[in-house]
Amino acid sequence: MAEERKQKMLLVVNPVSGKKLAKQYMMRIINRFDQAGYSVTACCTQINKNAYEVVRSRGLEFDIVVCCGGDGTLKETICGVMELGTDIPVGYLPMGSTNDFAHSLNIPTDVYAAVEAIINGEPKPVDIGKFGDEYFIYVAAFGNFTAISYSANQKIKNVLGKNAYYLQAVHDFFHMKPFHARVEADGEFFEGDYFYGAASNSYGVGGMPVLHNMGVEFDDGLHELVLVEMFKNPAEILALANDMVQKSVAENKLVTIRHCKHIKFMFDTPTPFTLDGEFGGDQTEVEATTLKHAVRIIVQKPEWVPLDEKEASEFVCEQPTE
């Protein structure tokens, strides 16, 4: 009887994401996938958008693409898959500083559990956003604190993880300002001075579960418009912070949330955006639209019971000391 063909896997690894855990675990990850019946080809990213270039140029040679890194690496990988114009499932081993999208999709952030979730999981259709001529995976945002993810020092992020963002936030707190914007969302119009605005497809941004329990679905063909008016006094800041902790942001008088397919942002002056934690350019007028079921991401099955304690303990590496 002929031997069953192994599935060919392209493993794209960002060795500097988060706390540089990827390079610590790389051989164990490859060995586990090999044991599970995959023929693995691993590539490490070296330059900006390298994950995109690798997937775009080589993705058609494989049955599955798995990326190992942060949300930025996931974005580059998905953009590469979408450029191929084919239905290749994407696996994600989250090793970034916050892993917002992984938390939203219930993808484990424990390395062993994430590997097993790909092996035992199933592809889930997920919506992707189009922002001008670019794609975004889970958020396109403007306003205060949105630059934190790319302005925080990478070396500090490698050491402190998402705490590096909190340190940057303390610095940015004293430089808050309003952003005047006009927004059209599926025919509904808004205008005001905003503290923050976004087209989002995630429960959380920057590690904060801002939209948890607010009707967010990742395959409904809709994004969430989030607009937060600028604070007028410290009491409003404290009230919003409390609502975020209580996961009741939708009840705050400063917050507007809509579920929509098409959002148009308009500004009087060029305004910087962040796309999935990376700089998205200075915009005066830009449209965000939803591409329904644009990609399939592998998620763990609800009934799957993950860890064998012995195997998990053998898989664990010591944390890097550099």
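It should be noted that the structure appears before, not after, this text.
Source: prediction; values computed, not measured.

What follows is about the overall build of the protein chain. Along its length, the protein chain carries ten helices and 13 strands. Within the protein chain, the fraction of its 322 residues that count as buried is 52%. Summarising the internal contacts of the protein chain: among those between residues at least 6 apart in sequence, 76% fall at separations of at least 24. Split by element, the accessible area of the protein chain, about 15,500 Å² in all, is 50% carbon and sulfur.

Here we take up the pairing of strand S1 (residues 7–13). Among the seven residues that make up S1, five are buried, leaving the element largely enclosed by the rest of the structure. By the bridge criterion, seven bridges tie S1 to strand S2 (residues 38–44) in an arrangement that is parallel. Looking at the pairing, glutamine 7 lines up with tyrosine 38 of S2. Bridge count between S1 and strand S3 (residues 64–69): five bridges; the pairing is parallel.

Attention now goes to the packing of helix H2 (residues 50–58) against helix H3 (residues 71–84). Relative to each other, H2 and H3 sit at 30 degrees, their axes nearing to 7 Å. On the basis of the axis angle, H2 is roughly parallel to H3. In the packing of H2 onto H3, the handedness of the crossing is right-handed. For the pair H2 and H3, the contacting residues are Asn50, Ala51, Tyr52, Val55 and Arg56 in the first and Thr73, Glu76, Thr77, Cys79, Gly80, Val81, Glu83 and Leu84 in the second. Taken together, the residues of the contact of H2 with H3 break down into six nonpolar, four polar and three charged.

We now examine the pairing of strand S4 (residues 90–94). The buried fraction of S4 amounts to five of the five residues, a majority that puts the element mostly inside the structure. Burial of the side chains of S4 extends over both faces: Val90, Tyr92 and Pro94 are buried on one face and Gly91 and Leu93 on the other. Here five bridges tie S3 to S4, and the two strands are oriented parallel to one another. Each bridged residue has a counterpart across the sheet, and for cysteine 67 the counterpart in S4 is tyrosine 92. With respect to chirality, the unit in which S3 leads through H3 into the neighbouring parallel S4 is right-handed.

About the thresholds
- Residues numbered from 1 in each chain as written.
- Predicted model: local features only at pLDDT ≥ 70, side-chain atom pairs only at ≥ 80, totals over all residues.
- Heavy atoms only, no water.
- Helix = DSSP H or I, 4+ residues; strand = E, 2+ residues; numbered from the N terminus.
- Buried < 20%, exposed > 50% of the residue type's maximum accessible area, 1.4 Å probe, protein only.
- Contact = heavy atoms within 4.5 Å.
- Areas by Shrake-Rupley, 256 points an atom, 1.4 Å probe, with all protein chains shown as cover.
- Pairing = 2+ DSSP bridges.
- Axes fitted to C-alpha atoms, helices over the stretch in contact; angles between N-to-C directions.
- Parallel < 35°, antiparallel > 145°, perpendicular 65-115°, else oblique.
- Left-handed = near helix turned anticlockwise from the far one by under 90°.
- Nonpolar A, V, L, I, M, F, W, Y, C, P; charged D, E, K, R; others polar.
- Right-handed = clockwise from strand over helix to strand, strands pointing away.

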